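# Residue-level structure breakdown
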Amino acid sequence: MRAAPDRWLAIGVPVVAGLAILAAAALLLPGPLEVLHVERRARPPIVVSVAVPPPARPTPVIPLDRPPPLPAIAAQIATADAATLAALTQRLIDAGEKVTTLQVAYDLAAAGRGAVALAYLAARPDGASAASWPLRMDLLAKTGRKDEAAALLARTVEGRGEVPAPAIVAAAYGLDRPDLLVRAAQAGAIPRPDAALTLDLVQRLEQRKRYDLIAVLDRVGSDWRAKDPWTAIRVAQARGDRAGALAAAGMLPSAQVEAAREAILAQAGDKAGLRAQVMARAGASGADLPMLAERLLALGARDDATALLMRASATGGTDRAAARRLLYLLGPRPDARDLAWLRQRTLSGDADEQRQWLSAYAERDRPAEALAFLGRHPLADRNETLLTRLTLANAAGDGAGARAVLARLLDGRALSVDQLRAASGATPRRVDPAQAAALARARIAAEIAFPRDRIDLAWSAWNGGDAARTIALLRDHLGDHPNDVAAIRLMADAQAKANGAGAARPWLERALAATPEAGRARAELLDRLGRGREAVAMVEALRDADPADRTLANLHARLLIAQGQPGRARMVLAQ
């Protein structure tokens, strides 16, 4: 019987001892509150820089790791008023309990009782401490009392207090009051804002047109203009600071500097400054002179624009855009200075360039002066120049000069079809017959003959006694103009001289067939064909219609003499 109790003791004693050890270990473990406090102390302090603006959605001011409320006050957080909570807090503190005004205020804010929290802080002697300042600002804003929040911020920024600078910056941005941040920097409530914060404040103040505060910020902030030259330009222009705007433009990328400076001067209406700016740009290597010339024209500086276009046209012909624009500006009658430039320009470049500029000059100077200059030019004897000189001589009324130039063109040199047409169109009014014949022969050879070129040459050959040449030219002419009565009659005369009267008769009959039935020419043809009586009858009929026509009377008398009737002929002439 004794063995059984001993066996149970052997089993129970170890069990009881183990349970006792576990209980002791549980008592030695830290409680949740102790662990929470240790974790909070282990965390590094949060440092907020005032160098940059806070985030658009600031972090909550109520710490998530605040100590849990004491049981004695926890039950009152949700329902008690501010005065009750303030009195209870004071009794607990007096009793040595670890409770603080800030902790209770945080608990009220977390419970959604912002207005009570504000009243509670106002009732507590330490409720206006620097530590509670962020919470008060947050609660005022959340309860719609932004004017009070702004007033609190304004009072805070007036002097150097204990409120941390990051909290002031965050509050000012939360209230969208950049002006108060400027006052804070001015009063030393926050350190000097760096360039990024200063620029952000400037941009916000510019939107409000608070240029007076931007001027203050220039003194108490950092240099922000290099970070945003365009904002600097706008601010300077709004303040009427043209020099400042131009200086800010110099901070832009190099490709934008000149255009920005011109825009600044244009807005200020400073045409003289704009002109100086454009001319300075024109002096740079590789400047776009035609573009700058247009800018000067827009400013009314026509002479400067012309000078730039002359520089741009120092090379190349008149077919380039700059040269075309220049010639347009010079107009049809440039002044003496521009004409002198044109004359000088015709002497540089290759032959084709000189020819183009010679033509442009000749169109703009007085014909006599241009004719004299072209006659002295190194290209004076080139076909194109000779044609220009021919045109100028005609325009100047210099017939002798025109015939002299035409003689040079017809000295046997090769002329293109276009040049031959140009020479024919510029033929002097009183052209030498030999020159006219030479031009006609040249046109015939180039297959651009005028309608009367061959007949004119035929008459020249006939007048020169060359019947064979006359016949050859008339054959070609009559091939194109078979009913030309004058040409047919000339052919009859040439055939009679070269081959006898028999060879002329077919041509006379052809001329008669192509001649109107009544007329002096028909009467003469009838006489030459031996049909004298018909000829006399036709002339008499013509005289009856026009008795005063002495040419008909003379023809009548000649026909009567040919018919052997000299008496009647004398009577006709005596009438």
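What comes next concerns the included structure.

Cut-offs used in this document
- Residues numbered from 1 in each chain as written.
- Predicted model: local features only at pLDDT ≥ 70, side-chain atom pairs only at ≥ 80, totals over all residues.
- Heavy atoms only, no water.
- Phe/Tyr/Trp six-rings, centres within 6.5 Å; stacked < 30°, edge-to-face > 60°.
- Helix = DSSP H or I, 4+ residues; strand = E, 2+ residues; numbered from the N terminus.
- Buried < 20%, exposed > 50% of the residue type's maximum accessible area, 1.4 Å probe, protein only.
- Lys NZ or Arg CZ within 6 Å of the ring centre and 35° of its normal.
- Core = buried A, V, L, I, M, F, W, Y, C linked by side-chain atoms within 4.5 Å.
- Contact = heavy atoms within 4.5 Å.
- 1 Å grid on protein atoms, 1.4 Å probe; cavity = no way out; pocket = protein on both sides within 12 Å on 5 of 7 lines; lining within 4 Å.
- Points joined across faces, edges and corners; volume = space filled by probe spheres on them.
- Nonpolar A, V, L, I, M, F, W, Y, C, P; charged D, E, K, R; others polar.
- Arc of directions from axis to C-beta.

Quick look at the packing of aromatic side chains now. This model, assessed by the stated rule, comprises two aromatic pairs. When the ring of Trp341 is compared with that of Trp357, the centres are 5.6 Å apart and the planes differ by 85°; the resulting orientation is edge-to-face. With Trp341 in helix α20 (residues 336-345) and Trp357 in helix α21 (residues 351-362), this pair connects stretches of sequence that are 16 residues apart. Here Trp357 falls in the buried class, since its relative accessible area comes to 0%. Look at Tyr361 and Phe373: their rings are 5.2 Å apart centre to centre, the planes differ by 70°, and that puts the pair in the edge-to-face class. Highlighted residues: Tyr361 in helix α21 and Phe373 in helix α22 (residues 367-376), separated in sequence by twelve residues. Comparing Tyr361 with Phe373 shows no difference in burial state: the two are buried. Lying over the aromatic face of Phe450, Arg443 brings its terminal NZ or CZ to 3.9 Å of the ring centre. Over the face of the ring belonging to Trp462 we find Lys497, whose NZ or CZ atom lies 5.4 Å from the ring centre.

Okay, the nonpolar core next. Among the nonpolar cores identified, the biggest contains 69 residues, and Trp133, Leu153 and Ile168 are the most heavily contacted of them. It is helix α9 (residues 165-174) that contributes the most residues to this core, seven residues altogether. With sequence-adjacent residues up to four places away left out, Trp133 is seen in contact with Leu152, Leu153, Thr156, Val163, Ala167, Ile168 and Ala171. Counting residues in hydrophobic clusters, the runner-up holds 45 residues, among them Leu309, Ala322, Trp357 and Leu374.

Quick look at empty space enclosed by the protein now. Tallied over the entire structure, the rule returns one cavity of 30 Å³ or more. The space that makes up the largest cavity amounts to roughly 40 Å³. Surrounding the largest cavity, Ala172, Tyr173, Asp176, Arg177, Pro178, Leu181, Leu201 and Arg204 form its lining. Sorting the residues of the lining of the largest cavity by element identifies α9, α10 (178-187) and α11 (195-207) as the ones contributing at least two each. Taken together, the residues of the lining of the largest cavity sort by class into five nonpolar, no polar and three charged.

Right, let's get into helix α24 (residues 399-409). Within the span of α24, buried status applies to Gly401, Ala402, Val405, Leu406 and Leu409. Buried positions in α24, seen along its axis, are confined to an arc of 135° and lie on one side of it. Considering only its buried residues, α24 is in contact with α23 (383-395), α25 (417-425) and α26 (433-445).

With that settled, consider the side chain of Thr89. For Thr89, the position within the fold is in helix α4 (residues 82-94). Taking the relative accessible area as the measure of exposure, Thr89 reaches 0% and is therefore buried. In contact with Thr89, other than residues within four places in its own chain, are Ile73, Val99, Thr101, Val104, Tyr120 and Arg124.

Geometry only, nothing functional implied.
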